[in-house]
Amino acid sequence: MTGRLAGKTAIITGATTGIGLESARRFLAEGARVFITGSNQGRVEAALAELGDGSSGVAADVRDLGALREAATKARAFLGGIDILFANAGMGVFAPLNQVDEAGYDQQFDINVKGVFFTVQAVVPYLNPGASIILTASAVHSKGVATGSLYFASKAAVRSFARTMGAELAGNGTRVNTLSPGIVRTNFSQNTNVPEEAFEGFIGMVAEQAPLKRLGETTDMANAALFLASDESRYMTCADLLVDGGWMSV
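Residues numbered from 1 in each chain as written. Predicted model: local features only at pLDDT ≥ 70, side-chain atom pairs only at ≥ 80, totals over all residues. Heavy atoms only, no water.

Draft legend 1. Quick look at the overall build of the protein chain. Helix and strand counts for the protein chain stand at seven helices and seven strands. Ordered by position in the sequence, the α and β elements of the protein chain form the string β-α-β-α-β-α-β-α-β-α-β-α-α-β. For 250 residues, the compact-globule formula gives about 18 Å, and the C-alpha radius of gyration of the protein chain, at 17 Å, lands near that figure. Counting across all 250 residues of the protein chain, residues that qualify as buried make up 49%. Within the protein chain, the 24 negative side-chain charges are centred at a point lying 6 Å from the centre of the 20 positive side-chain charges. (Helix = DSSP H or I, 4+ residues; strand = E, 2+ residues; numbered from the N terminus. Rg over C-alpha atoms; globule rule 2.2 N^0.38 Å. Buried < 20%, exposed > 50% of the residue type's maximum accessible area, 1.4 Å probe, protein only. Lys, Arg positive; Asp, Glu negative; His and termini not counted. Charge placed at Lys NZ, Arg CZ, Asp CG, Glu CD.)

Structure (C-alpha cells):
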C-alpha cells in the first residue's frame, strides 16, 4: 500500500460530517485505516457506509467518559496500536453574556474542552511511539468578538492543551499540535444560534478581510490535518497550524 499514511492507524472524533468526515476520506485515500466516532449512531453508520473498507467506528458522546473509554478500546481492537488521534469533535453556540445560562455553558465546555481532554486521556495508553495527536482549535482562539465568549474561550483552552500535552507526552516521541480553521461552511454553522442573515454578514466580512478573499473548504482542513498526521510534520509539536486564508494574520 502506498500513500502518505501507508500502514498507519487513525482515530477521528466528530467524523460523521464536515472536517472530520473529509479528513477520514483523505486519511483512507493516503493508506491509513480509520476508526471514527460521532454522537449519532445513524450518522456514524452512514459515514462508514460511505468510507467503506478500512474504516470502522462507534457512536460515542465525548461528554461521557465511559463511552470514550469504550470507544478507545474498540478502536484498539480494530486498529491495533494507534498512530494518529484527531480529536475533532466540537460545537459552538453564540449568545450575549446576559443570555448565557449554566446549561449552555456546561454544554459548550463539556464538548469542546472536557471532551478533548478525556479523549486524549482515553487513547494515550494505546498510542504507538512517535504518534501524532491533532486537536481542532479555531482561528479565533486568540481573538475576541461580542457574543463569542464561550466558544472563543473553549478553543483557547484547546490551544493550551497542545502546549501542555505536547510537553508531557514527548518522551516517546508523541507530537501534539492544534489545527485552527478559519470559517468553513459545514453543518457547524447551522447550530451557532446566530440568525442566518447576521451569520452571512459576518462570514462575508471575514472573507473580504482575509487576503485570500474566500472561506475555507473542508478539503483545505483535511489537507492540513493530513500534514500534521504524517511524518512530514515529525519535527512539529506544541504548535498551532492556522488555516484561515490569512484572516488572523493581517
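Draft legend 2. Just the packing of aromatic side chains, in detail. Throughout the structure, instances matching the rule amount to seven aromatic pairs. Their ring planes at 75° and their centres at 5.1 Å tell us that F117 and F118 sit as a pair that is edge-to-face. Since its relative accessible area comes to 23%, F118 is described here as partly exposed. In this structure an aromatic cluster arises from ring pairing among F94, Y151 and F152. (Phe/Tyr/Trp six-rings, centres within 6.5 Å; stacked < 30°, edge-to-face > 60°.)

Draft legend 3. Looking closely at the pairing of strand β3 (residues 55–59). Across five bridges, strand β2 (residues 33–38) lies against β3 in parallel orientation. Looking at the pairing, V34 lines up with S55 of β3. Regarding the hand of the β-α-β motif, the stretch spanning β2, helix α2 (residues 41–51) and β3 is right-handed. (Pairing = 2+ DSSP bridges. Right-handed = clockwise from strand over helix to strand, strands pointing away.)

Draft legend 4. Just the sheet that holds strand β1 (residues 9–12), in detail. The strand order β3-β2-β1-β4-β5-β6-β7 describes an open sheet built from seven strands, whose pairing is parallel. A strand with exactly one partner marks an edge of an open sheet, and here the two such strands are β3 and β7 (240–243). With direction set aside, neighbouring strand axes in the sheet form an average angle of 15°. Summarising the sheet, β1 and strand β4 (residues 82–87) pair through three bridges and their orientation is parallel. Note on β4: the bridge partner recorded for I12 is F86. (Axes fitted to C-alpha atoms, helices over the stretch in contact; angles between N-to-C directions.)

Draft legend 5. A look at helix α5 (residues 149–168). For α5, which comprises 20 residues, the first-to-last C-alpha distance of 28 Å matches the rise-based estimate of 28 Å (1.5 Å per residue) to within 8%. Of all the residues in α5, the buried ones are L150, Y151, F152, S154, K155, V158, R159, F161, A162, M165 and G166. Considering only its buried residues, α5 is in contact with α4 (102–123), β5 (127–136), β6 (175–181) and β7. (Expected span 1.5 Å × (residues − 1). Contact = heavy atoms within 4.5 Å.)

Draft legend 6. Examining the side chain of S154 more closely. Residue placement: S154 occurs in helix α5. Excluding its chain neighbours within four sequence positions, the residues that come into contact with S154 are F109, N112 and V113.

Draft legend 7. Quick look at the packing of helix α1 (residues 18–29) against helix α7 (residues 218–229). Interhelical geometry of α1 versus α7 gives an angle of 55° and a closest axis separation of 8 Å. Accordingly, the angle class assigned to the pair α1 and α7 is oblique. For α1 against α7, the interelement crossing comes out right-handed. Contact with α1, carried on its side by G18, I19, E22, S23, R26 and F27, involves T218, T219, M221, A222, N223, A225, L226 and A229 of α7 and no other residues of that element. Across the contact of α1 with α7, the residue classes break down as seven nonpolar, five polar and two charged. (Parallel < 35°, antiparallel > 145°, perpendicular 65-115°, else oblique. Left-handed = near helix turned anticlockwise from the far one by under 90°. Nonpolar A, V, L, I, M, F, W, Y, C, P; charged D, E, K, R; others polar.)

Draft legend 8. Inspection of the pattern of salt bridges at higher detail. The final tally for this structure, using the stated rule, is ten salt bridges. One salt bridge connects R63 with D61, and the closest N-O pair in it is separated by 2.9 Å. In this structure, the salt-bridge partner of E208 is K213, at a minimum N-O distance of 3.5 Å. Ionic contacts of the salt-bridge type, sharing partners, join the residues E22, R25 and E50 into one network. (Salt bridge = Lys/Arg side-chain N within 4 Å of Asp/Glu carboxyl O.)

Draft legend 9. Geometry of the confidence of the model for the protein chain. The predicted model of the protein chain averages 94 in pLDDT, with 98% of residues at 70 or higher. β1 holds the highest mean pLDDT among the elements of the protein chain, 99, whereas helix α6 (residues 196–209) holds the lowest, 82. (pLDDT = per-residue confidence, 0-100.)

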